[in-house]
2 protein chains.
Amino acid sequence: MSLALKNHIEKIVSLTDEEFKYVLSFFTKKKLQKHQFLIASGAPVQTDHFVLKGLLKATYTNDEGKQHILQFAMEDWWVTDYQAYFLQTNATLNIDCLENSEVLCLTLENREKLCRELQKIEHFFRIKTSMGFVAQQQRILSLLNKDAKGRYNQLLEQYPQLLQRVPKTILAAYLGVTRETLSRL
Amino acid sequence: MSLALKNHIEKIVSLTDEEFKYVLSFFTKKKLQKHQFLIASGAPVQTDHFVLKGLLKATYTNDEGKQHILQFAMEDWWVTDYQAYFLQTNATLNIDCLENSEVLCLTLENREKLCRELQKIEHFFRIKTSMGFVAQQQRILSLLNKDAKGRYNQLLEQYPQLLQRVPKTILAAYLGVTRETLSRL
DNA sequence: TTGTAAATGTGATATACATCACAATAAATA
DNA sequence: TATTTATTGTGATGTATATCACATTTACAA
């Protein structure tokens, strides 16, 4: 249900039913299977995505083939290759599904049109992005400050659900350690 | 000169002289000496800051007394303890001056008022924050991906000016290595 | 100028984590 | 169900970086 999006937006601004209907008309729904790619490195990035259902991961693979996870995205989260999306360049990230998923897609053009026409939505995205910015600062501090164990414990505290849904191999790639190290706790 | 702020904003939206005059009326100017604190850990965070002149660092000090640098801020950059600013809680960061500095201060109340009254400004902050978000994702990838040398080289490439203005001891705290390691390149 | 503090370089050693290797389960798929 | 493929644990060893210690240089202040 796209009610999820309405509830999500209304945590920041309230919308009439007509307004929300209008907002929703700018999105398209997409269903993906586990292991399917939402964004493939090298390809243009058309859309940002609000996750209705499922779980995805955004990863960067370096020259030596080592994969690092920039973010997870589950229900009510947004995910895309933001650098490529905002600058309209090709993706450097891969985003794929850890579970069957369902997302609402928003092109940059539609996002900007929506923000122009409904200041409430521009407000929503400004506040949302500010909160995302703060969350990322916390992640940076965590990487600077804490060792593997500390980062693992913090992740458990913040997102205990992830532990149930994601294999440890994958968690390790998010924490920036090898699966062996994580296995030894 | 606060022309710097006008030019800065106009990279994203254009403002008439009257509009800019109005915008500027929401800011207050503050001058600081080298070593002076703009934000002190534990105290409330009243304002966000646009740097007119000088150089500052935002740091987090952990339980063992080790200091990590979350960001530098020089001319045309914005800096505050964003978590504390947006959530109106006490600072967990310290922000102090590496050089004599001059900043324009904007309270959260004024920021929100300005955004409400002038959509252009809400647009400006939305875009600005989105770019900041992207820059931080790059920093996270750099911390996950690169070793000390790689991160150092990237910093040199991105901000060669910093090298002239900041002692290596301090750069090390930004890169997440000890000064000894950085000294050995 | 002289004295004190900050910044830098370098050695010796310790440690967290990576890497490689292999085995044991658990889960997905034919 | 059987067969393959992913996930996890654990040992042995290597390596980047931390830590501690001390000397040298540079900046700042009395």
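Values in this document were obtained by computation on a predicted structure and should not be read as measured data.

## So, the sheet that holds strand β1 (residues 28-32) of chain B
Residue and element names in this part refer to chain B.
Then, in step 1: One open sheet holds the 4 strands; their spatial order is β1-β8-β3-β6, and the pairing between them is antiparallel. This sheet does not close on itself; its edge strands, each paired only once, are β1 and β6 (78-79).
Then, in step 2: Bridge count between strand β3 (residues 47-53) and β6: 2 bridges; the pairing is antiparallel. Residue His 49 lies in a different strand from β6, and its bridge partner there is Val 79.

## Side note on the relation of the copies chain A and chain B
Then, in step 1: When chain A is brought onto chain B, the operation consists of a screw motion whose angular component is 180° and whose axial shift is 0.0 Å, with 0.0 Å RMSD remaining. With respect to symmetry, the two chain copies, as superposed, fit the operation of a two-fold axis. Nearest to the rotation axis, the C-alpha of A:Arg126 is located 2.2 Å from it, this being the minimum over chain A.
Then, in step 2: A shared binding surface is used by both copies, with 100% of the interface residues of chain A retained as interface residues in chain B.

## Topic: the sheet that holds strand β3 (residues 47-53) of chain A
All names here are of chain A.
Then, in step 1: With antiparallel pairing, 4 strands are arranged side by side in an open sheet as β1-β8-β3-β6. At either end of the open sheet lies a strand with only one pairing partner, and these are β1 (28-32) and β6 (78-79).
Then, in step 2: Relative to strand β8 (residues 101-107), β3 is paired through 6 bridges, and the arrangement is antiparallel. Bridging across to β8, Val 51 finds its partner in Val 103.

## Notes on the side chain of B:His8
All names here are of chain B.
Then, in step 1: In this fold, His 8 is placed in helix α1 (residues 3-10).
Then, in step 2: On the accessibility criterion, His 8 (6% relative accessible area) is buried.
Then, in step 3: With near-sequence residues (within four places) excluded, His 8 lies in contact with Phe 50, Asp 76, Trp 78, Phe 124 and Lys 128.

## Comments concerning the protein's contact with DNA strand C
Then, in step 1: Close contacts around DNA strand C come from 18 residues, with A:Ala148, A:Thr181, B:Lys168, B:Arg179 and B:Arg184 the closest.
Then, in step 2: Sugar and phosphate atoms constitute 49% of the interface atoms of DNA strand C, taking the interface as everything within 4 Å of the protein.
Then, in step 3: Here a phosphate oxygen of DNA strand C sits 2.9 Å away from a polar atom, N or O, in the main chain of A:Ala148.
Then, in step 4: Here a phosphate oxygen of DNA strand C and a backbone polar atom of B:Lys168 are 2.8 Å apart.
Then, in step 5: Looking at the surface near DNA strand C, the elements that each hand over two or more residues are α9 (179-183) of chain A together with α8 (168-175) and α9 (179-183) of chain B.
Then, in step 6: Grouping the amino acids of the surface near DNA strand C by side-chain chemistry returns 3 nonpolar, 5 polar and 10 charged.

## Section: the interface of chain A and chain B
Then, in step 1: Contacts between the two partners involve 39 residues from chain A, matched on the other side by 39 residues from chain B.
Then, in step 2: For the chain A and chain B pair, buried surface summed over both sides reaches about 3,800 Å², with 62% attributable to carbon and sulfur atoms.
Then, in step 3: Remark: the boundary between chain A and chain B carries 4 salt bridges.
Then, in step 4: Where chain A packs against chain B, one counts 16 residue pairs in polar contact (both at pLDDT 80 or more).
Then, in step 5: Of all elements in the fold, only β5 (67-74), α3 (82-87), α4 (108-117), α5 (119-145) and α8 (168-175) of chain A reach the threshold of two or more residues within the side of chain A that touches chain B.
Then, in step 6: It is α5(A) that contributes the most residues to the side of chain A that touches chain B, 21 residues altogether.

## Here we look at the protein's contact with DNA strand D
Then, in step 1: Close to DNA strand D lie 18 residues; A:Lys168, A:Arg179, A:Arg184, B:Ala148 and B:Thr181 are nearest.
Then, in step 2: Sugar and phosphate atoms form 47% of the subset of DNA strand D atoms that lie within 4 Å of the protein.
Then, in step 3: In this structure, A:Ser183 approaches DNA strand D through a side-chain N or O atom, which is 3.2 Å from a phosphate oxygen.
Then, in step 4: Within the backbone of B:Ala148, a nitrogen or oxygen atom sits 2.9 Å from a phosphate oxygen of DNA strand D.
Then, in step 5: Among the elements of the structure, α8 and α9 of chain A together with α9 of chain B are those that each provide at least two residues to the surface near DNA strand D.
Then, in step 6: Of the residues assigned to the surface near DNA strand D, the class counts are 3 nonpolar, 5 polar and 10 charged.

## As for the UniProt feature "domain: Cyclic nucleotide-binding" (unreviewed entry) in chain A
Then, in step 1: The feature "domain: Cyclic nucleotide-binding" (unreviewed entry), as given by UniProt, occupies residues 30-116 of chain A in the numbering adopted here.
Then, in step 2: Split by type, residues 30-116 of chain A is 17% helix and 47% strand. Its first and last C-alpha atoms lie 25 Å apart.

## Remarks on the packing of α5(A) against helix α5 (residues 119-145) of chain B
Then, in step 1: At a closest axis distance of 9 Å, the pairing of α5(A) and α5(B) adopts a crossing angle of 25°. One finds that α5(A) runs roughly parallel with respect to α5(B). For the pair α5(A) and α5(B), the crossing hand works out as left-handed.
Then, in step 2: Residue composition of the contact of α5(A) with α5(B), grouped by class: 10 nonpolar, 14 polar and 6 charged.

Definitions and cut-offs
- Per chain, residues are indexed from 1 in the order of the written sequence.
- The lettering of chains begins at A and the numbering of ligands begins at 1, in the order of writing.
- It should be noted that, the model being predicted, local features are given only for residues of pLDDT at least 70 and side-chain atom pairs only at 80 or more, the latter also being counted only at that level, while totals for whole chains, interfaces and linings use all residues.
- The side-chain values count all of the structure's non-hydrogen atoms but skip hydrogen atoms and water molecules.
- Pairs of strands are assigned from DSSP output, requiring at least two bridges between the strands.
- Under the scheme used here, helices are H or I runs from DSSP no shorter than 4 residues and strands are E runs no shorter than 2 residues, and both carry numbers assigned from the N terminus.
- Alignment of copies: least-squares fit on C-alpha atoms of residues with pLDDT of at least 70 in both copies.
- Note on contacts: a residue pair qualifies if any of its non-hydrogen atoms lie within 4.5 Å across the two residues.
- Buried, partly exposed and exposed residues are distinguished by accessible area as a fraction of the type maximum, computed with a 1.4 Å probe on protein chains only: under 20%, between the cut-offs, and over 50%, respectively.
- By convention in this text, a residue qualifies as near a molecule or strand provided that one of its non-hydrogen atoms is within 4 Å of it.
- Any N or O atom pair separated by 3.5 Å or less is treated as a polar contact, with the protein-specific requirement of one donor-capable and one acceptor-capable atom, and with residues adjacent in sequence counted only for side-chain atom pairs.
- When residues are sorted by character, Ala, Val, Leu, Ile, Met, Phe, Trp, Tyr, Cys and Pro go into the nonpolar class, Asp, Glu, Lys and Arg into the charged class, and all the rest, Gly among them, into the polar class.
- By definition, the buried area sums, over both parts, the 1.4 Å-probe accessible area that each loses when the two are put together.
- For this document, the term salt bridge refers to a Lys or Arg side-chain nitrogen within 4 Å of an Asp or Glu carboxyl oxygen.
- UniProt positions are given in the numbering used here, feature names are shortened, and annotations may be inferred rather than shown by experiment.
- Interaxial angles span 0 to 180 degrees and are taken between N-to-C directions of axes, which are lines fitted to C-alpha atoms, for helices over the stretch in contact.
- Working rule for angles: under 35 degrees goes down as roughly parallel, over 145 as roughly antiparallel, 65 to 115 as roughly perpendicular, anything else as oblique.
- The handedness criterion is simple: a crossing whose near helix is rotated anticlockwise from the far helix by less than a right angle is left-handed, and one whose near helix is rotated clockwise is right-handed.

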